[in-house]
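Understanding the architecture of this molecule
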Amino acid sequence: MPQENIVLKNCGVIDPRQIATFLERDGFQALEKVRREMTPEAVTDEIKASGLRGRGGAGFPCGLKWEGTRKAPGGEKYVICNADEGEVGTFKDRYILERDPFTLIEGMAIAGYTLGAKTGFIYLRAEYHHLFDLLENAIRQIEEFGFLANFTIEIREGAGAYICGEESALMDAMEGKRGEARYRPPFPTTAGLWGKPTIINNVETLMNIPRIIRNGAGWFNQMGTERSKGTKVFSVSGDVPKPGVYELVLGSSLRELVEGLALAKNTKMIQIGGATGRIVPYEQIDTPLTFESVLGAGAVIVFDQSRDVIDIVHRTMEFLAEESCGKCTPCRQGTEVMVETLARFHRGEGLKKDLKDLADLSEVMTLTSLCGLGQAASNAVTDSLQHFKDAYESRVAGN
Amino acid sequence: MSQQAISNRHGEQDLIGRLKEAQAKFGHVSEEVMAELARSLDIPINDVYGVASFYSFLSTQPLGRNIIRICQSLPCYLKYGQTIMESVAQEIGIIPGETTADGKFSFQLTNCIGLCDRAPAMMINYDSHVDLTPKKIAQILGTYK
């Protein structure tokens, strides 16, 4: 399946500092269309019919989220763009924000229209501070042209915390608290920011909205597989000659991305979805990239034959242990125990019983953690135990 | 620092924003600043400390004028980020977690900063430095006062 620039279609074409270059394309035609021709209900129906799913990693159906928030009781509602891209190996949102802030804001304004919301927020990670002025400039130009009507967009900058990419922790951070995952329900659709119904979407998800409105759900859902419609923007890094951002129709093979576009050779394995992602051995490189198989937020880190699986998994777990917010025990303690255990294997001092303990602990963390971080923290361990068990067994003390 | 309790129109106290302001002004968030914020926002000082100590871009300890953050995550590690850490350590004579005696640099390791396509990468203050090699380090550090 082909490379297709839908989300990225303006990237590198328009000047992100000049709204005129955006208007020369089809800038704001989708927003004008919803305001002129569509009821909020018709907008959510269209998004539902498109099959668009969240691009931040979880893949929740976007139309359902919008519909739930639209129908939730309450006069005051919010729209949040999650630009707290912190997953290891992910940089596609940075790439998009740098090149086309206008489409994103158009998507947010459509969400605002659908909810009757007065305010939208872009939550920008502190590490992307250099994009603050560019975004503010885009917002100001759009306001001057009158496209936002009575919708205001404000930027809130984070202060450095991976967990704040998790939507409930992000809202806690916006409320001035430690960014810790919330118990759910209630979900943001009914009780999000400051307890109000809130649509929170990833940058890339919102980028898809104007395209769907303009071209129709039928156009969008022709692309992809039965449960994964449209395209996905991937961030490719690691042992590849051509790292970078690539947009492919969903269902394209991992081989097409990694070998076809990024020109990888001599690959041992690929980690898809960052630290909480899956590890795919080279033998499975023909795996389709879909929500049904592997995807996450589209971080693709490639490892060649020279890499040590245990070292990679150990480093992944060190990251998660450091970034666990500490609120729930299975994640806080589980990641620490895993770091200690993996360090033993790394030193060649693993114990036979560690293999079973790692598998058991993985299950407990997946079943009992409060949010996606803890639930997916053991993915790299589970996958490497399945595909690279030799690497562990050869590091058992006495072997 | 004089702080007044301001709640904006969302009823938002923006504690993080105000901690970041203090950080920018004084280089860290001191106990005095936390106490004053707690008083002005009418929240326990524990809560202010809890927030200030949670985020990696806030520090409750004094830091140098320039903060070096070298990415330690996998994509940078695969591109030999370790050699960048070593050459920074050699150049300024401190290890991660320390501040130079003259207060010019603090040296930290950070998790993924989203520059993986141009690894290894680091941030100094809010500037991104990419495609690093040990040879580039002295020149880059020389541009900071």
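Residues numbered from 1 in each chain as written. Chains lettered and ligands numbered in written order. Predicted model: local features only at pLDDT ≥ 70, side-chain atom pairs only at ≥ 80, totals over all residues. Heavy atoms only, no water.

1. Quick look at the overall build of chain A
Of the regular secondary structure elements, chain A holds 17 helices and nine strands. Here chain A has a C-alpha radius of gyration of 21 Å; the compact-globule value for 399 residues is 21 Å, and the two agree. Taking the principal axes of its C-alpha atoms as reference, chain A extends roughly 75 × 45 × 40 Å. In chain A, which comprises 399 residues, the proportion classed as buried is 63%. Of the contacts formed within chain A by residues at least 6 apart in sequence, a portion of 73% connects residues at least 24 apart. Surface summary for chain A: the accessible area is close to 14400 Å², and the carbon and sulfur share equals 49%. Treating the 46 positive side-chain charges of chain A as one cloud and the 55 negative ones as another, the clouds have centres 3 Å apart. (Helix = DSSP H or I, 4+ residues; strand = E, 2+ residues; numbered from the N terminus. Rg over C-alpha atoms; globule rule 2.2 N^0.38 Å. Buried < 20%, exposed > 50% of the residue type's maximum accessible area, 1.4 Å probe, protein only. Contact = heavy atoms within 4.5 Å. Areas by Shrake-Rupley, 256 points an atom, 1.4 Å probe, with all protein chains shown as cover. Lys, Arg positive; Asp, Glu negative; His and termini not counted. Charge placed at Lys NZ, Arg CZ, Asp CG, Glu CD.)

2. Focus: the packing of helix α3 (residues 40–50) of chain A against helix α9 (residues 203–215) of chain A
Residue and element names in this part refer to chain A. Their axes nearest at 10 Å, the elements α3 and α9 cross at an angle of 100°. Considering their axes alone, α3 and α9 lie roughly perpendicular with respect to each other. The residues of α9 that touch α3, namely those facing Val43, Glu46, Ile47 and Ser50, are Ile209, Ile212 and Ile213. Taken together, the residues of the contact of α3 with α9 sort by class into five nonpolar, one polar and one charged. (Axes fitted to C-alpha atoms, helices over the stretch in contact; angles between N-to-C directions. Parallel < 35°, antiparallel > 145°, perpendicular 65-115°, else oblique. Nonpolar A, V, L, I, M, F, W, Y, C, P; charged D, E, K, R; others polar.)

3. Looking at helix α3 (residues 45–52) of chain B
Where α3 of chain B is concerned, the buried positions are Val48, Gly50, Val51 and Ala52 of chain B. For α3 of chain B, the elements touching its buried residues are α1 (15–26) and α2 (31–41) of chain B.

4. As for the sheet that holds strand β3 (residues 122–124) of chain B
All names here are of chain B. Read from one edge to the other, the open sheet built from four strands follows the order β2-β1-β3-β4, with strand pairing classed as mixed. The sheet is open, and its two edges are formed by β2 (105–110) and β4 (127–129), each paired on a single side. Going from strand to strand, the sheet's axes swing by 20° on average, the running direction of each strand aside. Where strand β1 (residues 66–71) lies against β2, six bridges are found, and the strand directions are parallel. Across the sheet, residue arginine 69 finds its bridge partner in β2, namely glutamine 108. Running at roughly 20° to β3, helix α6 (residues 134–142) makes contact with β1, β2, β3 and β4 of the sheet. (Pairing = 2+ DSSP bridges.)

5. Section: the interface of chain B and chain A
Each partner contributes residues to the interface: chain B has 33 residues there, and chain A has 53 residues. With both chains or domains summed, chain B and chain A bury close to 3300 Å², and 55% of this area falls on carbon and sulfur atoms. Where chain B meets chain A, there are two salt bridges. Measuring nitrogen to oxygen at the nearest pair gives 3.5 Å for the salt bridge that ties aspartate 117 of chain B to arginine 94 of chain A. Where chain B packs against chain A, one counts 16 residue pairs in polar contact (both at pLDDT 80 or more). (Buried area = accessible area lost by both parts, 1.4 Å probe. Salt bridge = Lys/Arg side-chain N within 4 Å of Asp/Glu carboxyl O. Polar contact = N/O pair within 3.5 Å; in protein donor to acceptor, adjacent residues only side chain to side chain.)

6. Some words on the domain arrangement of chain B
As far as domains go, chain B holds domain 1 (3–54) and domain 2 (66–142). The centre of domain 1 of chain B, based on its C-alpha atoms, is set 29 Å off from the matching centre of domain 2 of chain B. (Domains from an automatic or database assignment.)

7. A word on unusual backbone geometry
The phi torsion of most residues other than glycine is negative, and most of the peptide bonds are trans. Cis geometry marks the peptide bond from arginine 184 of chain A to proline 185 of chain A; its omega dihedral reads 0°. For proline 185 of chain A, the position within the fold is in the loop between α8 (167–174) and β4 (198–202). Between alanine 119 of chain B and the following residue, proline 120 of chain B, the backbone shows a cis peptide bond with an omega angle of -5°. Its location among the elements puts proline 120 of chain B in the loop between β2 and β3. Even without being a glycine, tryptophan 194 of chain A presents a positive backbone phi close to 50°. With respect to the helices, strands and loops of the structure, tryptophan 194 of chain A is situated in the loop between α8 and β4. Not every positive phi belongs to a glycine, and aspartate 42 of chain B is a case in point at roughly 60°.

8. Description of the nonpolar core
Across soluble globular proteins, you tend to see nonpolar side chains buried next to one another. Core analysis: the largest hydrophobic core is formed by 132 residues, its most contacted members being Trp66 and Tyr392 of chain A together with Tyr55 of chain B. Non-local contacts of tryptophan 66 of chain A, meaning those with residues more than four positions away in its chain, are made with Val43, Thr44, Ile47, Gly107, Ile110, Ala111, Thr114, Leu115, Ile199, Asn201, Leu206 and Ile209 of chain A. (Core = buried A, V, L, I, M, F, W, Y, C linked by side-chain atoms within 4.5 Å.)

9. Some thoughts on the pairing of strand β1 (residues 78–83) of chain A
Residue and element names in this part refer to chain A. Among the six residues that make up β1, six are buried, leaving the element largely enclosed by the rest of the structure. Side-chain alternation along β1 places Tyr78, Ile80 and Asn82 on one buried face and Val79, Cys81 and Ala83 on a second face that is also buried. Across six bridges, β1 lies against strand β2 (residues 119–124) in parallel orientation. Following the sheet pairing, isoleucine 80 is matched in β2 by phenylalanine 121. Here β1 pairs with β4 via five bridges, running parallel. Among the inter-strand pairings, tyrosine 78 is bridged to a residue of β4, identified as threonine 198.

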